[in-house]
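Geometric and topological summary
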Amino acid sequence: MTNQPINQQIWEVDFYRRPMTDTAGQPLWELVLCDRAQTFVFRDVCPQSSIDTNWLTERLVAAMGDNATPPDRLCVFRPQSLSLVEAAASRLGWPVTATRRTQALKNWLQKRAIESPLLDPATGQPYDPLAIDSPPPLPLADSLWGDSWGFASLSAEVLARQLAQRPIPYGDRPSELFPDRLGLSAKAPIPGVVVNGGRRSRALAQWLNGVQPVALSFVPGEPDGVILEAGLCDRWILATSQDPELRQAGLAFESRKATVRHLHFLLIQPDNSGMTYTGLWFLQPA
């Protein structure tokens with residue numbers, strides 16, 4: 001289970017090309033940093049030809065201002081920004097986390113896009129500052145899949161106060177995704193997917209820890225599928241089915257998510273005895 005101390009100073013970072021040019025016609029890249037409370041926002045631009053680790057390192061230091069207190073961690077949601085930010089931050093000894101959960105930064109970028117809209121020069125359409133190309137979903141390796149799976153629902157109280165407190169070796173239950181932090185009642189039914197992994201339970205949970213689950217979605221089709229969003233932009237086909245009952249359960253899963261702020265869970269267990277659990281993730285689209 002991974003939880004960050006709530007008193008950590010975390011900066012959310014984006015550094016990417018915008019549909020803007022300087023006076024010489026060079027494309028501009030924009031650096032935006034903010035903390036999670038948006039008590040400060042730092043912004044700067046750089047011509048594409050001048051982008052290097054030195055420039056970015058200097059601007060990260062400049063963002064501290066007179067405070068001179070470095071952040072405990074930088075969080076990056078854009079795949080194209082990650083290697084650049086990691087290279088600059090490594091010079092400063094600042095840890096970097098790749099995560100889609102940079103809501104303060106995303107809110108600022110979206111608000112700015114509304115107040116000062118930019119147009120994509122190729123299409124003339126409004127520029128989406130959060131757009132990230134997502135690859136087609138990949139099938140899960142047969143060697144990882146368990147014995148059975150199904151949709152389930154647990155009350156918020158059972159999920160957060162009982163199940164999440166068990167000594168489950170794998171998973172991620174961020175404090176901001178606990179039902180009470182989202183304003184949900186203790187009796188709210190939280191939907192999820194439960195996998196009985198059998199002998200593959202640990203291998204599946206270890207793999208999931210590595211890909212960093214973000215959200216699950218049920219997609220009707222031929223066959224129906226459960227798609228796992230993971231990492232910064234990865235997608236995996238977690239399961240498929242042609243069972244009409246599972247289709248109805250999948251549609252209900254999607255409907256229930258909408259009533260609980262899209263909070264849901266993924267639970268891996270070796271069997272359905274309810275005695276031991278291998279992995280538990282709290283999920284929400286980001």
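Reference entry: report on the structure contained in this document. (Residues numbered from 1 in each chain as written. Predicted model: local features only at pLDDT ≥ 70, side-chain atom pairs only at ≥ 80, totals over all residues. Heavy atoms only, no water.)

1. Comments concerning helix α1 (residues 53-63)
One turn of an α-helix holds 3.6 residues; hence residues three or four places apart share an orientation. What counts is decided by this rule: Summary of the burial criterion: residues with accessible area below 20% of their type's maximum are buried, those above 50% are exposed, and those between are partly exposed, where the area comes from a 1.4 Å probe applied to protein chains only. Only DSSP runs of H or I covering at least 4 residues are called helices, and only runs of E covering at least 2 are called strands; the numbering of each starts at the N terminus. Polar contacts, as counted here, are pairs of nitrogen or oxygen atoms within 3.5 Å of one another; within protein the pair requires one atom able to donate a hydrogen and one able to accept it, and residues that are adjacent in sequence qualify only if both atoms are side-chain atoms.
Along α1, the residues that are buried comprise W55, L56, T57, L60 and A63. For α1, the side-chain oxygen to backbone nitrogen distance between the N-cap and N54 is 3.2 Å, and the N-cap itself is D52. Looking one or two places after α1, you find G65, whose phi comes out positive at around 60°.

2. Side note on helix α6 (residues 244-259)
Test applied: To estimate how far a helix should extend, the number of its residues minus one is multiplied by 1.5 Å. In this description, one arc is meant: the one made by directions from the helix axis to the C-beta atoms. Contacts between residues were defined by any pair of non-hydrogen atoms, one from each residue, lying within 4.5 Å.
Helix length check: α6, at 16 residues, gives a terminal C-alpha distance of 23 Å against a target of 22 Å (1.5 Å per residue), a fit within 8%. Of the residues making up α6, those classed as buried are L246, G250, F253 and K257. Within α6, the buried residues cover an arc of 50° as seen down the axis, which keeps them to one side. The exposed residues of α6 that point more than 90 degrees off its buried face are P244, E245, Q248, A258 and T259. Where α6 is buried, its residues touch β7 (148-155), β9 (189-196), β10 (213-219), β12 (234-241) and β13 (264-269). For α6, the side-chain oxygen to backbone nitrogen distance between the N-cap and E245 is 2.8 Å, and the N-cap itself is D243. Following α6 by one or two positions, R261 has its phi on the positive side, about 60°.

3. Overview of the sheet that holds β13
Where we set the bar: At least two DSSP bridges between two strands are required for those strands to pair. A fitted line through C-alpha atoms represents every axis, and for helices the fit uses only the stretch in contact; the resulting angles, taken between N-to-C directions, go from 0 to 180 degrees.
Overall, mixed pairing links the five strands, which are arranged β7-β9-β13-β14-β8 in an open sheet. Taken across any chain shown, the strands that pair with only one partner, and hence form the sheet edges, are β7 and β8 (170-172). Taken pair by pair, the neighbouring strands of this sheet meet at an average axis angle of 20°, ignoring direction. Where β8 and strand β14 (residues 279-283) come together, three bridges link them in parallel fashion. Paired with D172 across the strands is W281, a residue of β14.

4. Let's talk about the nonpolar core
What counts here: Nonpolar cores are built from buried Ala, Val, Leu, Ile, Met, Phe, Trp, Tyr and Cys residues. Side-chain atoms within 4.5 Å join them into one set.
Membership of the largest hydrophobic core comes to 27 residues, with the highest contact counts inside it found for W149, L204, W207, L216, L228 and L266. The element best represented in this core is helix α5 (residues 201-211), accounting for five residues. Residues contacting L228, with those up to four places away along its chain left out, are W207, L208, V211, P213, A215, L216, D234, R235, W236 and L238. Ranked by size, the runner-up nonpolar core spans 23 residues in total, among them L56, V76, V85 and Y127.

5. Some details on the packing of aromatic side chains
Note the cut-off: A pair of aromatic rings is counted whenever rings of Phe, Tyr or Trp (Trp by its six-membered ring) have centres within 6.5 Å, and the orientation is called stacked for planes under 30 degrees apart, edge-to-face for over 60 and tilted otherwise. By definition, being over a ring means that NZ of Lys or CZ of Arg is both within 6 Å of the ring centre and within 35 degrees of the ring normal.
Taken as a whole and assessed by the stated rule, the structure comprises 10 aromatic pairs. Taken together, a centroid distance of 5.3 Å and an interplanar angle of 75° make the contact between W149 and F151 edge-to-face. Taking relative accessible area as the criterion, W149 reaches 18% and is therefore assigned buried. Plain terms: the ring middles of F151 and F253 are 5.2 Å apart, the flat faces sit at 40° to each other, and that makes the pair tilted. Of this pair, F151 sits in strand β7 while F253 sits in helix α6, placing them 102 residues apart in sequence. The exposure classification of F151 matches that of F253, with both residues buried. Pairwise contacts between aromatic rings join F15, Y16, W29 and W55 into one cluster. One residue, R17, lies across the ring of Y16, its end atom 5.4 Å from the ring centre.

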